[in-house]
Amino acid sequence: MTRRAAIILAAGQGTRMKSGLPKVLHPIGHRAMLDHAIDAAEGLGCERVIVVVGNHSPEVRAHVEKRLGATSIAVQDPPLGTGHAVLAARDLMADFDGQVVVTYGDVPLLKAADVEPVFGDALTVVGFEARDATGYGRLLIDADGGLEAIVEHKEASPDQLKVTACNSGVMAAPSRLLFDLLAEVRNDNAKGEYYLTDVVALARARGEPTRAVFADEDAVMGVNAQGELAQAEALFQKVRRDDLLASGVRMPAPDTVFVSWDTQVEPGAVIEPYVVFGPGAVVRSGAKIRAFSHVEGAEVGPGAEAGPYARLRPGAKLGEKARVGNFVEVKNVTMGAGAKANHLSYLGDGVVGAGANIGAGTIFCNYDGFFKHRTEVGQGAFVGSNTSLVAPVTIGAGAMVGSGSVVTSDVAPGDLALARAPQTAKPGWAARFMETMRAKKAKS
C-alpha cells in the first residue's frame, strides 16, 4: 500500500464558540474533537500525522504534544487561510513521499471509512450532497466525472447555485504534487488569504487528474458554535446507540442513554433509561444498569446489577452477579461474585469479598485528609447498617459487624464486632421532660 500521511488543520481561533476552551478541544462523546480527527487519521494507516496549530492556543499544542509528540506539531502564524495552514507543515513533510490527506480538527464525526476512498493517484476532494447548500462551495463535475472546479457560494452563478454537490474541505493528493501546487496559490482575494481549494484549478491547468468522492453530509459536519457542537453530539450518540442495539444490547429507551466514545457494552446486557456512561465503562453480557445511574471508568461483570441511581466511579469493578443498589457510590473497589451493597452507601478504595453483604448506610472512611487508605471486607462477611469502617481496616471472612458500629481495628474471620456505646434507659424521663417544656411554652 502507498505510504500515507495526514495533516490536520487545528489553528482556527474558534471565536464563535464563545468559550475559554479552544474549539478543537471541545468534547464529543467525552473525547476532544481533535482526538476524533487523529483517531480517523490513525485508522487510515497514516504513518505520519501532523497537526497545524496556532500560537494563540498553547492548550492545543500541549494536547497534541502529549498524544503525538512535539515532532507532529506545525505552527501557522499568522493565520492566512487553509492553503497557508497546509504549507506550515511542508518542512515536516519534506522527506515524505506518498499520499497526504488534509482533514480538520473540528470535524469530529468523520471516520476512516468515510475518508478511505479519497486515496489514489488523482488530487481528490471529499464532497457531500447538501440538504441545504447555502454557504457551501460547489463542486463542478465535468462530463467525464472529473472535478472541474470548486466555486465558492458568493462567487457562483445562478446555475452553479443549483448544484447540491458541496465541498467538505477534506482533500488528498500525492505529497509532492500537493506542495508544488500550494506554492503557486496566490492571495489576491478579498480576504488576502491562501485558499486550499485553489489547488484544484491549478492541477487542472497542469493536466493533472482531479476527482471527487462523496461522504454523508452528517459525517463531514464542521463544528463552529455551541449549537453545532450539540448537534454533533446528538448525531454521535445516535450512531453509537444504534450500534449497541444492533449488537444485541437491550435499551428500552435508547434516546435517554448517553455513551462515551469508548463505552463497551456486551450483547445481552440491559441498559435502562437515563443512564450516563463516562469514559472507560465496560458492561459485560447479562449485566443490568438500572435507571438514572452513572458509570465511568468501571467494569460491571456478567449478570451483575447496578442501580437505580447508582454511581460507579473509576476503579469500580463488580464481579459476576454482584449487586450495587440505589444511591450507592463505588470508587476503586472490587466487589467479588455475588457481593451486595443494596442501599445508600459509599464504598471507596478497597475490596469486598465474594458473597459479602454491605448494609444500608455503610461508609468506607478512606481519606484522612492527606492520604487514601483501603478497606478490605472478606468473603461472606456481613456488615450491618449505618456502619463506618475507618480505613485502613480489614473485616475477615465470615465476620459480622453490628449495625451502627464505628470500626477502627481489624475484625478477625468469624468474629462479631460491636463498636458502639451501650444503650441506657431512664424510665419516665421523656414524659417528665415533655410535660415541663409544654408548661414553659404555655406561659411564654
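All of the points below concern the structure found in this document. (Residues numbered from 1 in each chain as written. Predicted model: local features only at pLDDT ≥ 70, side-chain atom pairs only at ≥ 80, totals over all residues. Heavy atoms only, no water.)

A tally of regular secondary structure across the chain gives eight helices and 34 strands. Taken over C-alpha atoms, the radius of gyration comes to 31 Å for the chain, far larger than the 22 Å a tight globule of 444 residues would show. On the principal axes, the C-alpha backbone points of the chain span a range of 105 × 60 × 40 Å. Taking contacts inside the chain between residues at least 6 apart in sequence as the whole, the part at least 24 apart equals 42%. When the accessible area of the chain is evaluated, it comes to approximately 21000 Å², of which 53% is carbon and sulfur surface. In the chain, the 45 positive side-chain charges and the 50 negative ones have mean positions that sit 13 Å from each other. (Helix = DSSP H or I, 4+ residues; strand = E, 2+ residues; numbered from the N terminus. Rg over C-alpha atoms; globule rule 2.2 N^0.38 Å. Contact = heavy atoms within 4.5 Å. Areas by Shrake-Rupley, 256 points an atom, 1.4 Å probe, with all protein chains shown as cover. Lys, Arg positive; Asp, Glu negative; His and termini not counted. Charge placed at Lys NZ, Arg CZ, Asp CG, Glu CD.)

Taken together, the side chains of Tyr274, Phe292, Tyr309, Phe327 and Leu344 present a nonpolar region at the surface, about 540 Å² in accessible area. Mapped onto the elements of the fold, Tyr274 is located in the loop between strand 13 (270-271) and strand 14 (276-277). (Patch = residues over 30% accessible without salt bridge, like charges linked within 9 Å, V, L, I, M, F, W, Y side chains within 5 Å. Salt bridge = Lys/Arg side-chain N within 4 Å of Asp/Glu carboxyl O.)

What follows is about the pattern of salt bridges. This model, assessed by the stated rule, comprises 25 salt bridges. Glu228 is paired through a salt bridge with Arg16; the nearest N and O atoms lie 3.9 Å apart. In this pair, Glu228 sits in helix 7 (residues 226-247) while Arg16 sits in the loop between strand 1 (4-9) and strand 2 (27-28), placing the two residues 212 residues apart along the sequence. The shortest N-O distance in the salt bridge between Glu329 and Arg313 comes to 2.7 Å. With Glu329 in strand 23 (residues 329-335) and Arg313 in the loop between strand 20 (311-312) and strand 21 (317-318), the pair connects residues that are 16 residues apart, well separated along the chain. Glu329 sits in the partly exposed class, given a relative accessible area of 21%. Overall, Arg313 belongs to the partly exposed group, its relative accessible area being 25%. Put simply, Arg31, Asp35, Asp39, Glu42 and Arg67 are held in one network by salt bridges that share partners. (Buried < 20%, exposed > 50% of the residue type's maximum accessible area, 1.4 Å probe, protein only.)

Next up on the list: the sheet that holds strand 19 (residues 305-306). Pairing is parallel across the open sheet formed by nine strands, whose spatial order is 13-16-19-22-24-26-29-32-34. Strands with a single pairing partner mark the edges of an open sheet, and in this sheet they are strand 13 and strand 34 (416-417). (Pairing = 2+ DSSP bridges.)

Time to look at empty space enclosed by the protein. Summed over all chains, the structure comprises one cavity of 30 Å³ or more. In this structure, the largest cavity encloses a volume near 60 Å³. What lines the largest cavity is simply Ala6, Ala37, Ala40, Ala41, Leu44, Val101, Thr103, Tyr104, Val107, Leu110 and Val115. Taken together, the elements giving at least two residues each to the lining of the largest cavity come down to helix 1 (33-43) and strand 6 (99-104). (1 Å grid on protein atoms, 1.4 Å probe; cavity = no way out; pocket = protein on both sides within 12 Å on 5 of 7 lines; lining within 4 Å. Points joined across faces, edges and corners; volume = space filled by probe spheres on them.)

Turning next to the side chain of Thr387. Mapped onto the elements, Thr387 comes out in the loop between strand 29 (382-383) and strand 30 (388-390). Not counting the four nearest positions on each side in its chain, Thr387 is found in contact with Gly361, Thr362, Ile363, Val401, Gly402, Ser403, Gly404, Ser405 and Val407.

Another aspect to go through is the packing of helix 5 (residues 175-182) against helix 6 (residues 198-206). Where helix 5 meets helix 6, the axes come as close as 9 Å, and the angle between the chain directions of the two elements is 105 degrees. Viewed along their axes, helix 5 and helix 6 adopt a mutual orientation that is roughly perpendicular. Contact with helix 5, carried on its side by Leu177, Asp180, Leu181 and Leu182, involves Val199, Leu202, Ala203 and Arg206 of helix 6 and no other residues of that element. For the contact of helix 5 with helix 6, the class distribution of residues is six nonpolar, no polar and two charged. (Axes fitted to C-alpha atoms, helices over the stretch in contact; angles between N-to-C directions. Parallel < 35°, antiparallel > 145°, perpendicular 65-115°, else oblique. Nonpolar A, V, L, I, M, F, W, Y, C, P; charged D, E, K, R; others polar.)

Our focus in this paragraph is the packing of aromatic side chains. The final tally for this structure, using the stated rule, is five aromatic pairs. Seen from their ring centres, Phe292 and Tyr309 are 5.0 Å apart, and the 5 degrees between their planes marks the pair as stacked. Of this pair, Phe292 sits in the loop between strand 16 (288-289) and strand 17 (294-295) while Tyr309 sits in the loop between strand 19 and strand 20, and the two are 17 residues apart along the sequence. For Phe292, a relative accessible area of 41% corresponds to the partly exposed category. Taken together, a centroid distance of 5.1 Å and an interplanar angle of 10 degrees make the contact between Trp429 and Phe433 stacked. Within this pair, Trp429 and its partner Phe433 are both found in helix 8 (residues 429-443), separated by four residues, close to a single helical turn. The partly exposed category is assigned to Trp429, whose relative accessible area is 45%. Exposure remark for Phe433: the relative accessible area of 41% places this residue in the partly exposed category. (Phe/Tyr/Trp six-rings, centres within 6.5 Å; stacked < 30°, edge-to-face > 60°.)

Membership of the largest hydrophobic core comes to 69 residues, with the highest contact counts inside it found for Ile7, Leu34, Val86, Val101, Leu123 and Leu182. Take this core: its biggest share by element is six residues, from strand 10 (residues 165-174). If near-sequence neighbours (up to four positions away) are discounted, Leu182 is found in contact with Gly83, Val86, Leu87, Leu196 and Val199. Core analysis: the next-biggest nonpolar cluster, separate from the first, contains 47 residues, Met251, Ala304, Ala316 and Val324 among them. (Core = buried A, V, L, I, M, F, W, Y, C linked by side-chain atoms within 4.5 Å.)

A word on the side chain of Ser175. Counting through the fold element by element, Ser175 comes out in helix 5. A relative accessible area of 3% places Ser175 in the buried class.

Its 22 residues place the ends of helix 7 32 Å apart at the C-alpha level, agreeing with the 32 Å of an ideal helix rising 1.5 Å per residue. Those residues of helix 7 that are buried lie in contact with strand 2, helix 1 and strand 12 (264-265). (Expected span 1.5 Å × (residues − 1).)

What follows concerns the environment of Gly404. For Gly404, the location among the structural elements is in the loop between strand 32 (400-401) and strand 33 (406-407). For Gly404, a relative accessible area of 30% puts it in the partly exposed group. As a C-alpha pair, Gly404 and Lys331 span 73 residues in sequence and 22 Å in three-dimensional space. Those residues in contact with Gly404 that lie beyond four places of it in its chain are Ser385, Asn386, Thr387, Ala419 and Arg420.

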